[in-house]
4 protein chains.
Amino acid sequence: MSLLVKGGIVVGATGTQLADVLIEGEKIVAVLDPAYSPTVQADEVIDATGKYVIPGGIDAHTHMELPFGGTAASDTFETGTRAAAWGGTTTIIDFAVQRTGEVVQDGLAAWHAKADGNCHIDYAFHMILGGVDDDALKAMDQLVSDEGITSFKLFMAYPGVFYSDDGQILRAMQSARENGAMIMMHAENGIAIDVLVQQALARGETDPIYHGITRPAALEAEATNRAIALAEVAQDCPLYIVHLSASQALEHVAAARDQGRNVFAETCPQYLYLTLEDQLGAPGFEGAKWVCSTPLRSKHEPHAKDLWKGLRSNDLAIVSTDHCPFCMKDQKELGRGDFSKIPNGIGGVEHRVDLIYQGVVDGQISLERWVETISTTPARMFGLYPQKGVIQPGSDGDLVIYDPHGTTRISVETHHMNMDHSAYEGVEIAGRVGTVISRGSVIVADGNYHGRKGHGRYLRRGLSTYLV
Amino acid sequence: MSLLVKGGIVVGATGTQLADVLIEGEKIVAVLDPAYSPTVQADEVIDATGKYVIPGGIDAHTHMELPFGGTAASDTFETGTRAAAWGGTTTIIDFAVQRTGEVVQDGLAAWHAKADGNCHIDYAFHMILGGVDDDALKAMDQLVSDEGITSFKLFMAYPGVFYSDDGQILRAMQSARENGAMIMMHAENGIAIDVLVQQALARGETDPIYHGITRPAALEAEATNRAIALAEVAQDCPLYIVHLSASQALEHVAAARDQGRNVFAETCPQYLYLTLEDQLGAPGFEGAKWVCSTPLRSKHEPHAKDLWKGLRSNDLAIVSTDHCPFCMKDQKELGRGDFSKIPNGIGGVEHRVDLIYQGVVDGQISLERWVETISTTPARMFGLYPQKGVIQPGSDGDLVIYDPHGTTRISVETHHMNMDHSAYEGVEIAGRVGTVISRGSVIVADGNYHGRKGHGRYLRRGLSTYLV
Amino acid sequence: MSLLVKGGIVVGATGTQLADVLIEGEKIVAVLDPAYSPTVQADEVIDATGKYVIPGGIDAHTHMELPFGGTAASDTFETGTRAAAWGGTTTIIDFAVQRTGEVVQDGLAAWHAKADGNCHIDYAFHMILGGVDDDALKAMDQLVSDEGITSFKLFMAYPGVFYSDDGQILRAMQSARENGAMIMMHAENGIAIDVLVQQALARGETDPIYHGITRPAALEAEATNRAIALAEVAQDCPLYIVHLSASQALEHVAAARDQGRNVFAETCPQYLYLTLEDQLGAPGFEGAKWVCSTPLRSKHEPHAKDLWKGLRSNDLAIVSTDHCPFCMKDQKELGRGDFSKIPNGIGGVEHRVDLIYQGVVDGQISLERWVETISTTPARMFGLYPQKGVIQPGSDGDLVIYDPHGTTRISVETHHMNMDHSAYEGVEIAGRVGTVISRGSVIVADGNYHGRKGHGRYLRRGLSTYLV
Amino acid sequence: MSLLVKGGIVVGATGTQLADVLIEGEKIVAVLDPAYSPTVQADEVIDATGKYVIPGGIDAHTHMELPFGGTAASDTFETGTRAAAWGGTTTIIDFAVQRTGEVVQDGLAAWHAKADGNCHIDYAFHMILGGVDDDALKAMDQLVSDEGITSFKLFMAYPGVFYSDDGQILRAMQSARENGAMIMMHAENGIAIDVLVQQALARGETDPIYHGITRPAALEAEATNRAIALAEVAQDCPLYIVHLSASQALEHVAAARDQGRNVFAETCPQYLYLTLEDQLGAPGFEGAKWVCSTPLRSKHEPHAKDLWKGLRSNDLAIVSTDHCPFCMKDQKELGRGDFSKIPNGIGGVEHRVDLIYQGVVDGQISLERWVETISTTPARMFGLYPQKGVIQPGSDGDLVIYDPHGTTRISVETHHMNMDHSAYEGVEIAGRVGTVISRGSVIVADGNYHGRKGHGRYLRRGLSTYLV
Ligand SMILES: [Zn+2]
Ligand SMILES: [Zn+2]
Ligand SMILES: [Zn+2]
Ligand SMILES: [Zn+2]
Ligand SMILES: [Zn+2]
Ligand SMILES: [Zn+2]
Ligand SMILES: [Zn+2]
Ligand SMILES: [Zn+2]
């Protein structure tokens, strides 16, 4: 079975070209000059004239079915990957979880059990280490060598839940320096934050906005700097800061990168578009929809502007979603009267490709950076390249045909995520996902869904090829 | 006539792949999965198994036949482009010159006259503006729209020769902001340097090393910052700092880039490998070989280390050579007894690809950055992409098959530049240029030269596609 | 004749104390424990109970009778020093001027002629060098050794009038490094500014606000950095940036100071209180009152906040006025229809002590910093210490008894400067100058003036004792 | 009883003057013009002609009799304050200790018991909080209001001993922000250090130099930044970093100070003169003499140069000694074969005034900065001003008459500290402590000791008057 995508504008990380893409079975086998490709035979031909042809989106930060605060993220691997596909994302990297006291491999097995046979698109796992000890460090080596898991997330926040102290972090970084893995860091000073949270609650400040106020940018910046320092002590262990939201944290990342170090960061669409005041501070309990950590930042400070700047300068390498959806009903509502009990998370796996394309339309980033930050760099950063993230022979046939003349309107009425609200309700975007192809199969076309549960395969990842 | 390069490891800016490259006539028409390409017919097949296949090198900074200090650079377009080809460079961008008082277009015509019919590889021109006035600004618009010249170099050094004052610079930047051109800057405070030079000569300090001592890093850094400030006043006009050599100058570039601005810089191999003390300070008049501006920097300071760091972080986007060769005999000798009369320049167009590959071997940069800094980014930066700088269908058939198992030894005995010495005499490098293909023609193979004068064509460039 | 100031709170740069001050003739001869001083006899006793006793204010930057743009500053040495006295300033350092082409000593002689016998308070001179050449550099040495003039101001702005190029600046700095003088710098890139001015006028932008818009902060910051770099090349010649107004310029000063260098800066009250929009942008031609260079900055940027911060951190060492008054009638009016013809300057010599005391009341700076920035540091910086700037035996009997419970209202109706308007019309300040004593003579007391023209003496200054 | 110090050069923080100082009983009652003072009667006259008269030194960081690692610092309050007196220090501020689990006031009482009646010079206490909880925070308020203790030290190092976590630190800072106290911080990431220490010991790296190697500068810098961030979250609580030793930590302090914040730091003579390689790395177990935390830093890095720079720029406000002496015999020897068991500390209370005067001789700092960093600023910083730290009427009669023409040679043979070695053995210094006067009593004169145990009194301190 062969498929020829003809006449499109292929967009890659370094530029655009008019080229045809030939897929045989699940793989791209040729990229062709349109003037040359008429001689090529294909079973099926898709006309992409006037449209962008990009490698399928890779969302490097999702949390399907994540248990949190007595409930679990509302998207299963089935619903979540289907929504991702609708939005032009053909690969997710989800976070398998080792809870404190649990055997790492057991945590991984549980995640495989959730995902196996349920995914609409390809998937891989990072591993969250909830407790760094000798056993966990040995397990880390084993996951890198045998399981295709080459990135490990630690938390400087959530004491008593996921929190690692600086000694544990240092040890994990030293191990990563040896086995080649990437350390991913949730960088917020959770010990100090917990003091602020308790003080706020004691003062009766229980509304959702206090979730943001008790997690000040200074404590994200502090933890970011600390993680960078610990990675330096660990002989420049590769470090990836997740969900960076604050200007001050970005400054620390930029300083490390100016030193030529292997320090990287991602941001998420919510930090580019939504704010402490307008969303988290919505009247009544409405703000609960936007309770996530790191929190939305103040519109009176230049965070969003700086984050776009960071995306231009590559001080921010990747846009992920940190997709972690909770419904208002029965879930977010657990925190009525106590913001600290609101499950943390925003759902957005379906909208990332569109929301960042809007940055191209707005002149914030170039077309090339759009593709690079949503697909090519995630693949390189997390050991999926060149199987994913690029349109070239030998790569998987994961393509999105994106229509720059279309428009997208986001709403709970039309989205496919398992949520009873949308974080971006009513937002309109210039540009629209047209056709989505996953390993050679058309799964979205003309507004119809052709994918299926179980099509998605687990991806064993190699080491990062993005290191400097 | 078709040519298939088979079995090689294609290296691009984002990674490597095993792929075959099919060229028809002068153009790449397909990049193919090796498993698929056996079905492809080609008139000639080159086996690249175990070798790197990279886009031909682009040297964005050369000065063939440049008149300077009463003599002229010793490489003609013929000898210089032939030497470039030997070294894996298939495109140069040379600097056409408008002298003060001259009509810009006349300067350009003179450069076309020198190059036309003489080049072994493709070439383009930047334009040096030796005098910014109303006429020159109009000419600038015309060159951008009609002549394929989209970058203009100004000098903050060389008062009375190429120097522009800050008002002229600002006006040129404002025009560039309008017409889309890139401003390239020789950033040294020449007014202050001239005072230091006169004082040194008056003290009898006439040896070549005083060329370096009278051009301190602080004055390169100052001018770099000034250029960046003027570009800011000109509404963020794109700015490209040439031959950056000093840590302090790099810091200013990094700071501007951290702000997400369109500020770029190149460095040259001489600043990565050679030093004030060891080369410029060689006994007697020997140091004259290494008189260039900006000068070689002190080995007691971390300049070279920082420049490699900048290449990693992309604060330095490009490696060019600033190839400007002068023989010792009759040329460099003009400055015996007065360093200020030594023609400024080092020849190196033949060695850039090898010298930067050595950085890969030494662990300074990745394989991807090698290709990006010597080919892909120069093409993007200066409006040659995707015709040049990338291996993809539609691009010119400019390829280098590079042997990572070969070795290169640099010497005046073996080089092809028209120089009576080598700036890198005796240097040995792991890696070797094997086959060089220019627009589908093999011009170097197995140590033999198959190119010819006149094969190289003038390239009309578009605007930069590298802007953020 | 002896005078005892009893019971006051003596405020110095390091703290406060309850102490009595005994003056014999023109000099302080003792500072005494109030419990001990009853045994002291004095001809006259002033009760300062509940009031601050501070060393007389020193305004290190005034321009009495300065010719500018076809007119001259409206305060003579007589009127200006009388107004200064009213406001608690007992010493000024005015700028003598060498015009381009003029012999430096002739310029100095002219200034002595203006001031001699006319001043109400003591005065000293800096020297403006309008043309740095061999003769001027020799004159510089002579002024330092013979004339008590140890600071020299250069201009990076005003091409064709006061402008020095970077070579001239470097040479003057090298001389200063030898003879120990301080280089003072008007740091604005005048060459670039002149382009912006001509372009604005050509577009018909002639209102006063365009004076500010054509002098962007980026060009003050650039020049500041350049001056700092040139001083570094001149072996760390002491450098003093005058009338610093922009956050970005302050950053460069702070960076140099963090390096432990002899780089200093002053700001002026107008930059702490007045803005581009509210004053310079006043309707019609009203804004002309506030045309000064560097210009007032935008209230939408954090300049004023940052300047107060700089005063706290000592990145700004001194508050001077840059007193250069012009009346609206016949003077500012010269620039109706062409902002570039408006004489540059604001009058404020009378209000500095009060305006900065307001910063104490507002919590911006401490009481100690008030005294330090308006008196002690100016004395140390410019070689007047310990004759001036401190209350200790051997120092001149220059005291201000300041009433923290008084209030001051600024208005053209009540001020003593020779101006037909006030830059601070209607401003009310908590605090009030009570008694002013100059070299042992009470010149202001209880709202009455007791001083006289001719009382003020020329002060030969030594070298700065503020260097690190 | 009156004492007149005649003819000396009085040196203060802002400059020098020729003045006589009259002491009546324990207090300075007058500072006098030498031409005026002949009329003054005094019981005793000391001729200080040609000598510097400075306020008595204040060592703001000592640990007399501190229990540590199973032993105790070898100087008692008696021997230590006597040695201090010999070296020109007339006030110490020692650290009273609350151990974890102990009532704060009990810890203070224990310290009073040690010091009471035993001190040769005046003394005050900071309080170390070994455990921040509700009781300790209440005690903190009480000590500020009732006990004259206005500064509290916390440790980011020494887990299980003195360590506070970030939540405890934040709470203490919030309390300090309310009650006006200063938080002092031992800034090293002790959690990470402990990992490095255990790893080093496991590798058999037991020599004293590994004490330094396992406490890298990056972890001092990290903790310094963290403390600054926490103080920011605590509404800009005043923060004082003790024993700053690393360039990278200084950069964080400088950055905070450039923001105008109440962040201060001290360094110690050992970091200005001694190094990791030359002292801590001495052959065999010799290096144990120089085991202190923060550790001595590498001579191959610019730490010492940067610290002197910081003393010039006031990014380092104070020089203290962190005097914490342990003999080799029976004390340092506890760590033979395990560097982690070597008691941490260097003795130097006797040599600070001389060692920093050497910086004046070497051109590192000015005479004024010498006095400011060793006396005036400590007094202002810690609420002893104007009783201490300045020569003015009303202040205590604490004076040192310092002979710039003398010399000092440091040796265990001649020092007065209770140590069996000297950290500065054989060092020679230009300058010599001559006469030392404490509250009007001559305690050192002409190489003879006239002081006595019990002369020194406990000083209740006020709040810092150094805040910006
Ligand atoms: Zn997280
Ligand atoms: Zn997450
Ligand atoms: Zn950067
Ligand atoms: Zn060049
Ligand atoms: Zn000026
Ligand atoms: Zn600073
Ligand atoms: Zn002025
Ligand atoms: Zn200590």
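Each residue is numbered by its place in its chain's sequence as written, counting from 1. Chain labels run from A onward and ligand labels from 1 onward, assigned in the order the entries are written. pLDDT decides what is reported in this predicted model: residues at 70 or higher carry local features, side-chain atom pairs at 80 or more are listed and counted, and totals for whole chains, interfaces and linings draw on all residues regardless. Values shown for side chains rest on all heavy atoms present in the structure; no hydrogens or waters enter the calculation.

A. Spotlight on the relation of the copies chain C and chain B. Here the copies are superposed with least squares, the fitted atoms being C-alpha atoms of residues at a pLDDT of at least 70 in both. Rotating chain C by 180 degrees and moving it 0.0 Å along the rotation axis overlays it on chain B with an RMSD of 0.0 Å. Here the symmetry operator amounts to a two-fold rotation axis. Contacts were defined at the residue level, with two residues in contact if any of their heavy atoms lie within 4.5 Å. Most of the interface of chain C is mirrored in chain B: 100% of its interface residues are interface residues there too.

B. Looking closely at the environment of B:F162. Residues and elements named next belong to chain B. Structurally, the position occupied by F162 is in the loop between β13 (151-155) and α4 (166-179). C-alpha of F162 to C-alpha of A96: the two residues are 66 residues apart in sequence and 13 Å apart in space. The contact partners of F162, leaving out residues within four places of it in the chain, are V97, I128, L129, G130, F155 and A157. Working definition: helices are DSSP H or I runs of at least four residues, strands are E runs of at least two. Numbering for both runs from the N terminus.

C. Representation of the arrangement of the chains. Nowhere do chain A and chain C come into contact; their C-alpha atoms are at least 12 Å apart. Contact between chain B and chain D is absent, and the minimum C-alpha spacing across the pair is 12 Å.

D. A look at the pairing of strand β4 (residues 20-24) of chain C. Residues and elements named next belong to chain C. For every residue, the accessible area (1.4 Å probe, protein chains only) is compared with the maximum for its type, and the residue is labelled buried under 20%, exposed over 50%, or partly exposed between those bounds. Counted residue by residue, β4 has 4 buried out of 5 residues, so it is predominantly covered. Strands are labelled as partners when DSSP assigns at least two bridges between them. Where strand β1 (residues 2-6) and β4 come together, 4 bridges link them in antiparallel fashion. By the bridge assignment, V5 is partnered in β4 with V21. Connecting β4 to the next strand, strand β5 (residues 27-32), in antiparallel fashion are 2 residues, including G25 with a positive phi near 60 degrees.

E. Molecular detail of the packing of aromatic side chains. Residues and elements named next belong to chain B. For Phe, Tyr and Trp, rings pair up if their centres lie within 6.5 Å, where Trp contributes its six-membered ring, and each pair is then called stacked (planes under 30 degrees apart), edge-to-face (over 60) or tilted (otherwise). Following the criterion strictly, the structure yields 76 aromatic pairs over all chains and no others. Measuring from centroid to centroid gives 6.4 Å for Y52 and Y357, while their planes differ by 55 degrees, and the two rings are tilted. Taken as a pair, Y52 in strand β7 (residues 52-55) and Y357 in helix α12 (residues 352-361) lie far apart in primary sequence, 305 residues in all. Measuring from ring centre to ring centre gives 4.8 Å for Y357 and Y402, while their planes differ by 55 degrees; the resulting arrangement is tilted. With Y357 in helix α12 and Y402 in strand β18 (residues 399-409), the pair connects residues that are 45 residues apart, well separated along the chain. Exposure class is identical for Y357 and Y402. Each is buried.

F. Molecular detail of the environment of C:P378. All names here are of chain C. Among the structural elements, P378 can be located in helix α13 (residues 367-381). For P378, a relative accessible area of 0% gives the class buried. Separated by 202 residues in the primary sequence, P378 and A176 place their C-alpha atoms 19 Å from one another. Beyond its immediate sequence surroundings of up to four residues, P378 is in contact with I58, A60, I318, E372 and T373.

G. Looking closely at the sheet that holds strand β18 (residues 399-409) of chain D. Residue and element names in this part refer to chain D. What the 7 strands build is an open sheet, ordered β3-β2-β7-β18-β19-β20-β21; its pairing is mixed. Strands at the two margins of the open sheet, each flanked by one partner only, are β3 (15-18) and β21 (448-449). Both strand β7 (residues 52-55) and β18 contribute to a ladder of 4 bridges, which runs antiparallel. Paired with V53 across the bridge in β18 is I401. All axes here are fitted lines through C-alpha atoms, helices being fitted over the stretch that makes contact, and every angle between N-to-C directions spans 0 to 180 degrees. Against the sheet, helix α12 (residues 352-361) engages β7, β18 and β19 (428-438), with an angle of about 130 degrees to β19.

H. The arrangement of the pattern of salt bridges in detail. The salt bridge definition used is simple: a Lys or Arg side-chain nitrogen within 4 Å of an Asp or Glu carboxyl oxygen. Counted by the stated rule, this structure contains 105 salt bridges over all chains. A salt bridge links B:E222 to C:R226; the nearest nitrogen and oxygen atoms lie 3.6 Å apart. One end of the pair, B:E222, is in helix α7 (residues 217-233); the other, C:R226, is in helix α7 (residues 217-233), on a second chain. Here D:R257 makes a salt bridge to D:D315, at a shortest N to O gap of 3.5 Å. Remark: D:D315 occurs in the loop between α11 (303-313) and β17 (318-319) and D:R257 occurs in helix α8 (residues 247-258); sequence separation between them is 58 residues. In terms of burial, D:R257 and D:D315 fall into one category: buried. One salt-bridge network, held together by shared partners, links A:E26, A:K27, A:D122, A:K388, A:D396, A:D398, A:R439 and A:R457.

I. Summary view of the coordination of the zinc ion (ligand 4). Residue and element names in this part refer to chain B. Ligating atoms shown are N, O and S within 2.8 Å of the metal, or 3.2 Å for Na, K and Ca, and water is not included, meaning a site may look less than complete. Distances from the zinc ion (ligand 4) to its protein donors, H61 (NE2), H63 (NE2) and D322 (OD), fall at 2.1 to 2.3 Å. Site description for the zinc ion (ligand 4): donor spacing in sequence, H-x1-H-x258-D. Of this pair, H61 sits in strand β8 (residues 57-62) while D322 sits in the loop between β17 (318-319) and α12, placing them 261 residues apart in sequence. The pair H61 / D322 is uniform in exposure class, with both members buried.

J. The arrangement of unusual backbone geometry in detail. C:S293 connects to C:T294 through a cis peptide bond whose omega is -10 degrees. With an omega of 0 degrees, the peptide bond between D:Y385 and D:P386 qualifies as cis. Relative to the helices and strands, D:P386 is located in the loop between α13 (367-381) and β18. Here the phi dihedral of C:R439 falls at roughly 45 degrees; this positive angle occurs in a residue that is not glycine. Residue D:N314 is not a glycine yet carries a positive backbone phi of 70 degrees. Positionally, D:N314 belongs in the loop between α11 and β17.

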